[in-house]
Amino acid sequence: MNSEEQLLSAHSPRHLWIQAAGLALFLFIPAVLFLFVVHPAPVGASLAAGAALILGHRLLARPYMRRALPLKCVWCNRSLPATLDASTRTIDLADLASGSELLPARCCAAHRAPAARFFAFLRLARAPLLAGIFVPLFLLLAALLAAACGWERPLPAATALFQLAIGLTVSAAAWGYRLVREPDSRSPLALPFPAHNFFLLGVRALLWIFRLVGAWWIYSGLLFWVQR
C-alpha cells in the first residue's frame, strides 16, 4: 500500500464513523457528571438517569474500543492506516492489560513514549488514584440516595467534597505522569481503570480535559468550604 492509499484509508467512512462514535460516547461522561453534581430535581430521577447512562456507556463503549484499537492512536486519536512503515511513523504500543484481557493498542511513533509513561503512572499510582475517585463517588451517591429519600442536608457538602477530591485526583493524573520514565520492558501495562474511556478521544485530549475541569472543580470545592 503506497502513501496515497494509506492516507485515503485513514479518512475512509469507517474511520470517520469511529471518530464520531468516540465523541458521542465521550459525551455520556459529562452528562453523568451533570446529573450527579448539579442533580436537577427530582434528585431521585437524576440519580437513576445517571446510573442508567453509566451502564449504557459501558455496554456500548467496550465493543467500540475493540473496533477502535487497530484504527486510532491511543494518545492523539489520529486515524492510523492499516500498515506500519516509515512514511506513516506508526508503531505498536506495548499491550495494555485490562483485567485478564490484553489490548494491543497502537500509537504514532512520536507518541509511544508519553502514552507508555502515562499508563505506567496509572499502574504506579493505582491505590491513591482509585481512592481519590471512588471514595468521594461513593459518598456522593450515598448523599444523592439520602436526598432522594428526603434527607438533603449532607448533599451540598458531599458534592463539594466530590468536586474537590476528583479535581485533585485528575489533576495529579494529568501532570504526574510527566515524572515517570518510559518503561524499559514491553511487558503488558495493567490498567486500574476501565480501558474503554482512553480510546474515545485519545489520552492527550482527556488529559487536557482533566487539567481544565480539575482546576475548576478544585476552585469550586474549596470555595464551598471557605464560604462555609
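You'll find the structure just up there.
Each value, and the rule that gives it
- Residues numbered from 1 in each chain as written.
- Predicted model: local features only at pLDDT ≥ 70, side-chain atom pairs only at ≥ 80, totals over all residues.
- Heavy atoms only, no water.
- Core = buried A, V, L, I, M, F, W, Y, C linked by side-chain atoms within 4.5 Å.
- Buried < 20%, exposed > 50% of the residue type's maximum accessible area, 1.4 Å probe, protein only.
- Helix = DSSP H or I, 4+ residues; strand = E, 2+ residues; numbered from the N terminus.
- Axes fitted to C-alpha atoms, helices over the stretch in contact; angles between N-to-C directions.
- Parallel < 35°, antiparallel > 145°, perpendicular 65-115°, else oblique.
- Left-handed = near helix turned anticlockwise from the far one by under 90°.
- Contact = heavy atoms within 4.5 Å.
- Phe/Tyr/Trp six-rings, centres within 6.5 Å; stacked < 30°, edge-to-face > 60°.
- Lys NZ or Arg CZ within 6 Å of the ring centre and 35° of its normal.
- Salt bridge = Lys/Arg side-chain N within 4 Å of Asp/Glu carboxyl O.
- Pairing = 2+ DSSP bridges.

**Topic: the nonpolar core**
Then step 1. Ranked by size, the top nonpolar core spans 45 residues in total, and within it Val74, Trp75, Phe118, Phe119, Leu122 and Phe198 carry the most contacts.
Then step 2. Listed in part, the 15 residues of the second largest apolar core include Val37, Leu144, Ala147 and Val170.

**Some points on unusual backbone geometry**
Then step 1. A cis geometry characterises the amide bond from alanine 41 onward to proline 42, with omega recorded as -5 degrees.
Then step 2. Looking at the element boundaries, proline 42 is found in the loop between α3 (28–37) and α4 (43–68).
Then step 3. Despite not being glycine, histidine 39 has its phi angle at roughly 35 degrees, a positive value.
Then step 4. Mapped onto the elements of the fold, histidine 39 is located in the loop between α3 and α4.

**Some words on the packing of helix α6 (residues 126–148) against helix α7 (residues 155–176)**
Then step 1. In the contact formed by α6 and α7, the axes pass within 9 Å of each other and the chain directions differ by 160 degrees. It follows that α6 is roughly antiparallel to α7 by the angle criterion. For the pair α6 and α7, the crossing hand works out as left-handed. In contact with Leu129, Gly132, Ile133, Pro136, Leu137, Leu139, Leu140, Ala143, Leu144 and Ala147 of α6, α7 contributes Leu155, Ala158, Thr159, Leu161, Phe162, Ala165, Ile166, Thr169 and Ala173.

**Points about the packing of aromatic side chains**
Then step 1. Counted by the stated rule, this structure contains eight aromatic pairs.
Then step 2. Taken together, Trp75, Phe118, Phe119, Tyr177 and Phe198 form an aromatic cluster joined through their ring pairs.
Then step 3. Its guanidinium or amino end placed over the ring of tryptophan 175, arginine 211 lies 4.3 Å from that ring's centre, counting from NZ or CZ.
Then step 4. In this structure, arginine 211 is placed above the aromatic ring of tryptophan 208, and the distance from its NZ or CZ to the ring centre is 4.5 Å.

**Quick notes on the pattern of salt bridges**
Then step 1. Summed over the entire model, instances satisfying the criterion amount to three salt bridges.
Then step 2. A salt bridge links glutamate 182 to arginine 112; the nearest nitrogen and oxygen atoms lie 2.6 Å apart. Here glutamate 182 is found in the loop between α7 and β5 (189–190), whereas its partner arginine 112 is found in helix α5 (residues 112–124), with 70 residues between them in sequence.
Then step 3. Several salt bridges share partner residues, and in doing so they unite Arg62, Arg66 and Glu101 into one network.

**Side note on the sheet that holds strand β2 (residues 96–98)**
Then step 1. Pairing is mixed in the open sheet, where three strands are placed in the order β3-β2-β5. Both edges of this open sheet fall to β3 (101–103) and β5, since each of them pairs with a single strand only.
Then step 2. The pairing of β2 with β5 spans two bridges and is classified as parallel. From the neighbouring strand, alanine 97 faces β5, where its bridge partner is alanine 190.

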